[in-house]
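Spelled out from the first residue to the last, the chains are:
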Amino acid sequence: MYNTEIQINVEGPRRMISFLSGGEVLFSISETVVTGWLVIILLFIAMKVLTHNLKLKPESKRQVIAEWIVEFFNNLVAENMGTTMLGFAPYICAIFAFALFGSLISMTGLRSMTADISCTGTWAAMTLFLITFYKIRTNGFFGYLKSYAEPTPVITPINVLSEVATPAAMGIRIFGNISSGMIITSMVYAALTVASNAVYNLIGTSSVITDYFKVFQIGIPAALSIYFDLFSSVIQSYVFIMLSMTYIGQAAGKE
Amino acid sequence: MDMQTMSHEDVLTLAKAIVLCGQGIGAGLALIAGIGPGIGEGYAVGKAIETIGRQPEARSAATSTMFIGCAVAESTGIYGLLIGFLLLFANPFLKHLS
């Protein structure tokens, strides 16, 4: 008889590597960081392959793809932040690639990098830093402080709140989308396991194959995966960089 | 069973039951947040289809803008969903019992 009780384990990222000091855990490296390293290595290899042996006139397909990527991000930045801030294109491209592949890596069975708020929160903090930096550079430090007291000084707390809320919302948006997708997928997997177990109990089969092979888990989770993994990851990464570009462009005083 | 005859374990069990019950109700209420984005996104998609119908050449621009708008509008619903999941799986209030 197989177990027909729904068991859902929703846990945060596991601790992969722990540094011990006299029997006590000093600090540990979480799954998110290890997945991040994996994504960085994969992206590094991909970029090395794409930009290997460049020619003035593109001869290989690789170079056409590389040029298309560069041109796409240059155009995007020029469109949203102005041509004076084209230096942001590599940063935007890096964030997009990291967010996209960090989310898409869940399709290989690993835990998504972006299903951890410390990861997306870091990116949001980077955006907040850039916004503040460009505001100070455009208006001067006192002009920046003065902008909080506009239109009237009474409204200052609300201005401070909205200053922090925009990047915080960006971080929570991508985290919430990816992690809720992960939780819903794991719930569906648990439900399908129970359904398969019930069918096995009904037929009365029990073997090594039916221990690990749950019949309803074929195909059905794939449809969910298309929405939660593919669609959600691409759209949310795109939204993240779009909002970053818009806010930083605004802070830099783009006309 | 009145309060005098209840042992400490009984009180704890009762308290835990109340907390779990509240968490369930709270998770359900949190998902009411899904109404707003549903209406909003439906409206946005409807307007985008209207635009495409009027100007078929603006199809790609309207579609990408609509997706971004939908993803932004969705965030309030996602916050509600997140709170619901936290209440269901993370049991944040149980550790206050002792």
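Residues numbered from 1 in each chain as written. Chains lettered and ligands numbered in written order. Predicted model: local features only at pLDDT ≥ 70, side-chain atom pairs only at ≥ 80, totals over all residues. Heavy atoms only, no water.

All names here are of chain A. Where strand β1 (residues 15-21) and strand β2 (residues 24-30) come together, 6 bridges link them in antiparallel fashion. Paired with Phe19 across the strands is Phe27, a residue of β2. Counted between consecutive antiparallel strands, the loop separating β1 from β2 contains 2 residues, among which Gly22 sits at a positive phi close to 65°. (Pairing = 2+ DSSP bridges. Helix = DSSP H or I, 4+ residues; strand = E, 2+ residues; numbered from the N terminus.)

What follows concerns helix α1 (residues 8-30) of chain B. Compared with the 33 Å implied by 1.5 Å per residue over 23 residues, the 32 Å span of α1 of chain B between its first and last C-alpha is a close match. Buried residues along α1 of chain B sit in contact with α3 (59-90) of chain B. (Expected span 1.5 Å × (residues − 1). Contact = heavy atoms within 4.5 Å.)

Let us look at the interface of chain B and chain A. At the interface, 12 residues of chain B touch 21 residues of chain A. Between chain B and chain A lies a buried interface of about 1,400 Å² when both sides are counted; carbon and sulfur atoms form 80% of it. Summed over the shared surface of chain B and chain A, the number is 0 salt bridges. The tally of links between chain B and chain A comes to 1 residue pair in polar contact (both at pLDDT 80 or more). Of the residues that constitute the side of chain B that touches chain A, the class distribution is 10 nonpolar, 1 polar and 1 charged. (Buried area = accessible area lost by both parts, 1.4 Å probe. Salt bridge = Lys/Arg side-chain N within 4 Å of Asp/Glu carboxyl O. Polar contact = N/O pair within 3.5 Å; in protein donor to acceptor, adjacent residues only side chain to side chain. Nonpolar A, V, L, I, M, F, W, Y, C, P; charged D, E, K, R; others polar.)

Quick look at the packing of aromatic side chains now. All names here are of chain A. Using the criterion set out here, one finds 16 aromatic pairs over all chains in the structure. The interplanar angle of 75° and the centroid separation of 5.9 Å between the aromatic rings of Phe141 and Phe142 together place this pair among those described as edge-to-face. Taken together through their ring pairs, the aromatic side chains of Phe88, Tyr91, Phe129, Phe133 and Tyr134 make up a single cluster. (Phe/Tyr/Trp six-rings, centres within 6.5 Å; stacked < 30°, edge-to-face > 60°.)

Turning to the environment of Tyr212 of chain A, a few remarks are in order. Residue and element names in this part refer to chain A. Along the chain, the position of Tyr212 falls in helix α7 (residues 208-212). Residue Tyr212 is classed as exposed on the basis of its relative accessible area, which comes to 73%. C-alpha separation for the pair Tyr212 and Gly181, spaced 31 residues apart in sequence, amounts to 24 Å. (Buried < 20%, exposed > 50% of the residue type's maximum accessible area, 1.4 Å probe, protein only.)

This is a description of form; function is not addressed.
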